[in-house]
Every structure is written in C-alpha cells, then in structure tokens.
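Coordinate analysis (summary)
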Amino acid sequence: MEKIYFHLPTKIYFEKGGIEKYLPEIKNYGNKVLIVSGRHFIFKSGLFERIKRILEKERIEYSHFPEVLPEPDTENVEKGVKFCKKENCDCILAVGGGSAMDVGKAIAVRSKNPGKVEDYFGEKEYENEPLPVIAIPTTCGTGSEVTRYSVIVYRKENTKKTIRSEKIIPKLAILDVSVLDTLPPNLIAATGMDAFSHSAESFLSIRKDKFSEIFSIESLKLLWENLQKAVEGDEESKEKVFFASLLGGFAINKTGTIIVHGMGYSLTVKYGVHHGTANALLLPYVFEYLYNNGYREEIEELNKIWGNVKNLKEFVESLGLPVRLRDVGVKEEDLDELTGLARVGCERALKNMKIKEIDFKKILTSAF
Ligand SMILES: [Fe+2]
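On a predicted model such as this, the values are computed, not experimentally measured, just so you know.

So, about the sheet that holds strand β1 (residues 11-14). One open sheet accounts for six strands, arranged β1-β8-β5-β4-β2-β3; its pairing is parallel. Across the chains shown, the open sheet's two edge strands, defined by having one partner strand only, are β1 and β3 (61-68). In this sheet, neighbouring strand axes are inclined to one another by 15° on average, regardless of whether the strands run parallel or antiparallel. Pairing analysis gives four bridges linking strand β2 (residues 32-38) to strand β4 (residues 91-96), with the strands arranged parallel. Bridge pairing links V36 to A94 in β4. Its contacts with the sheet put helix α3 (residues 47-57) on β2, β3, β4 and β5 (133-137), and the angle it makes with β3 is roughly 160°. This element, helix α4 (residues 74-86), spans β2, β3 and β4 of the sheet and lies at about 165° to β3.

Direction vectors running N to C along helix α7 (residues 210-231) and helix α8 (residues 235-255) enclose 150°, while the axes themselves pass 8 Å from each other. Our classification of the angle between α7 and α8 gives roughly antiparallel. You can see that α7 and α8 cross each other, and the crossing is left-handed. On α8, the residues touching S212, F215, S216, E218, S219, L222, L223, N226, L227, K229 and A230 of α7 are S237, K238, K240, V241, F243, A244, L247, G248, F250, A251, K254 and T255. Looking at the contact of α7 with α8, its residues break down into eleven nonpolar, seven polar and five charged.

Moving on to the nonpolar core. The biggest cluster of nonpolar side chains holds 100 residues, and the ones touching the most others in it are I259, F287 and L290. For this core, the leading source of residues is helix α10 (residues 275-292), giving eleven residues. For this core, the domains that each give at least three residues are domain 1 (11-179) and domain 2 (184-367). Leaving out residues up to four positions away in the same chain, I259 has contacts with E201, V286, C346, A349, L350, M353, I358, F360 and I363. Of all hydrophobic cores here, the second largest spans 24 residues; its members include I92, A106, A108 and F121.

The subject of this paragraph is the pairing of strand β8 (residues 172-175). Neither face of β8 is left uncovered, since the one carrying L172 and I174 and the one carrying A173 and L175 both have all their residues buried. As judged from the four bridges shared by β1 and β8, these two strands associate in the parallel manner. Residue pairing in the sheet places F14 in a bridge with L175 of β8. Relative to β8, β5 runs parallel, the two sharing two bridges. Within β8, the residue paired with A135 across the bridge is A173.

Here the focus is the coordination of the iron ion. When four donors bind a metal tetrahedrally, each ideal donor-metal-donor angle is 109.5 degrees, and when six bind octahedrally, the ideal angles are 90 or 180 degrees. Bound to the iron ion are the protein donor atoms D194 (OD), H198 (NE2), H261 (NE2) and H275 (NE2), situated 2.1 to 2.2 Å from the metal. For the iron ion, the four donor atoms are set out with angles of 86 to 172° between them, so the coordination reads as irregular. Along the chain, the residues donating to the iron ion fall in the pattern D-x3-H-x62-H-x13-H. With H198 in helix α6 (residues 185-204) and H261 in helix α9 (residues 259-271), this residue pair connects regions lying 63 residues apart in the sequence. Looking at H261, the relative accessible area reads 3%, which means it is buried.

Thresholds, definitions, all that
Residues numbered from 1 in each chain as written. Predicted model: local features only at pLDDT ≥ 70, side-chain atom pairs only at ≥ 80, totals over all residues. Heavy atoms only, no water. Pairing = 2+ DSSP bridges. Helix = DSSP H or I, 4+ residues; strand = E, 2+ residues; numbered from the N terminus. Axes fitted to C-alpha atoms, helices over the stretch in contact; angles between N-to-C directions. Contact = heavy atoms within 4.5 Å. Parallel < 35°, antiparallel > 145°, perpendicular 65-115°, else oblique. Left-handed = near helix turned anticlockwise from the far one by under 90°. Nonpolar A, V, L, I, M, F, W, Y, C, P; charged D, E, K, R; others polar. Core = buried A, V, L, I, M, F, W, Y, C linked by side-chain atoms within 4.5 Å. Buried < 20%, exposed > 50% of the residue type's maximum accessible area, 1.4 Å probe, protein only. Domains from an automatic or database assignment. Donors = N, O, S within 2.8 Å, 3.2 Å for Na, K, Ca; no water. Tetrahedral: all angles 85-135°; square planar, octahedral: opposite > 155°, others 65-115°.

In structure tokens, the structure reads:
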C-alpha cells in the first residue's frame, strides 16, 4: 500500500450545545484567554454573551479583540499582536469564520516571535512555540479549526499568503451547530461552497492519500446532497454541511488546495468577492478545463457524485451564487491583469498539481 502520513492533534467536539459543555476546558491551555473575532457577528448572534457567561462562571480571565476584518491583512494581525501582548494573554480563542481563525493563528505565532507577520509566510522555523489556539467555527466552510494554515492578505503583492505550520493547528475545536442558527442563507451557501472547493481540490492534489480521499469524497457527497436544503434552512442538512466542512479541513490539511483557491484570491483582494463565492464561481470552469487537460480520470471519479462536470455550474446557480465574472464586477479589459494575478496566486497551488502549465486566460475568459 502507499505511504500515509496523518497528523491531527486537534481535540474535536462536534455537538449541539457543545460550547457550554466544553469551553470550560480552555483552562487547560492558558491563564488568560484572548478572544479573537470579527466586529459584528459575535455580538449580533448572541455568541459573545454565551462565551462571556461561561468564562466568568469558570473564573477564566479574558480580553477581547473584536477587530478582525473580513479579509484580514498583515496590518490587522499586527494590531492583534500588540493587543495580545499588552493584555498578557497566553491562549487564543478564535471565534468566527476563516478570517478569525486565520488571524488567531497568526497572532499566536507573532506574539511569541520577533519580526513581522510576513516573515512567517511559508513554512518557517519558530524561535518560540506559538500560543495555543482554541477554535469555535461559526461558518460551515473553512475547516480552519483543524488545519495548519493561516491565510493573510499581503497588500504588497495584491494576493493572499499562507503561514503553514503544524504548530498552529488548533489544540481544541468546538463545533456547535447552534452557531449556524443566525448565519444568513447566502453565507451558508458561500461558505458551504468553500468547503466543497476544499474537498474537490484536495482530490486532485498530488499530495492526496487514502485518508484525505476518504474525507474529500464523504464531504463532497454530504455537500452535494445537503447544501441546497441547508441554504433553505433545513436543520439536519445544516448539521451535515457543518460536518462536511470539518471533513474538508482534514482533507486540505494533508493536501493543500489547487488553482481554484489560487485564482480566487485575486477576486477577493481586488473585487471584494467573498472567499467562498469566488471559489464557487471559478470551480466549474477550472474543473471543466482540468477535465480536458490531464485530470479526466480523477474528475470521472468525482462525476460519480455530481453526474457530470457540467452540472457544477447549475449547482452553484441553484444556491443563489454568481456564476460569471462579469456578475461580480470584472470588466473584459481586466482579464489580462487577472491572468497575471492568477499566476502569482497559484505559485503554491501548482506544486500540488501534476500539470505545470495552465492557460489561466482561457479559464478566466470562459468564466467571464
Ligand atoms: Fe477556502
């Protein structure tokens, strides 16, 4: 059999009401918690009150950094680092979607290590062990609660860069589906498609193995069957989609993503398109291209789930998400620049692929 490497140090609780039940365990990881979150959802959803009540009841000290931007950049992280040091926190509780967890992980690294956030892009050695990260995901997409990635916008290059290290994988993840009660349907669709993209891209990565394959296939089946119903508000389907996003996290933690994510970054940075929406939009065109350029066998395998690669666009459309670049503000004259940005954004992705030459312009033109 093929070689397998599997490392997952995250203690996971997947349970409705799990926040009340398991958050007290955070005492095992530090003396003062830094809650890292976005500016609105944590308050509007009532989640902050819930967390506060638990921490106070357990007499756990905490500070709150509710400043994470929807697309956090290096400056946003540095602000958090400063706050974390000032407040003397020794443990991070990241509450939110991918952005909060990305920033939480980056603060964990930088608070204990000198220099700038950008010094830690890529896979670096750390002088000091990062702070422990505990994650409470509030969307059904990123899988970041179990991954070694922290993705941060790097304005100098108009793209996103990734900090990668097993040392930033959260120690504890609490997946409590009740957090999805207040997530708007369009975000269930977009983040669900992010998970879909993780699992589909993972399956095409040259770094996949038997483990990651099992996770990505199961995740895709669950999403294909449940995402639409989840968007319509069905409780059971929401829980399945939430689970599927966790599985997608396992898959990409091993394999990384490929060019859907790499190409999507510039849509987010340049046009403000939601990360999941960007992936959802590009995925059908990328997969159709790859089907005809070296990935027929793999995609035939996935066609067992979704029938035909041509069905992907209809699926995305049925979720109420845009399916053409022109629908998200891209102009025809932008395509050359986007092609250049795709090349930069996909440098890393290409390392996970068996073909090294991609006609980005062709994919972008068809997506336009
Ligand atoms: Fe993603």
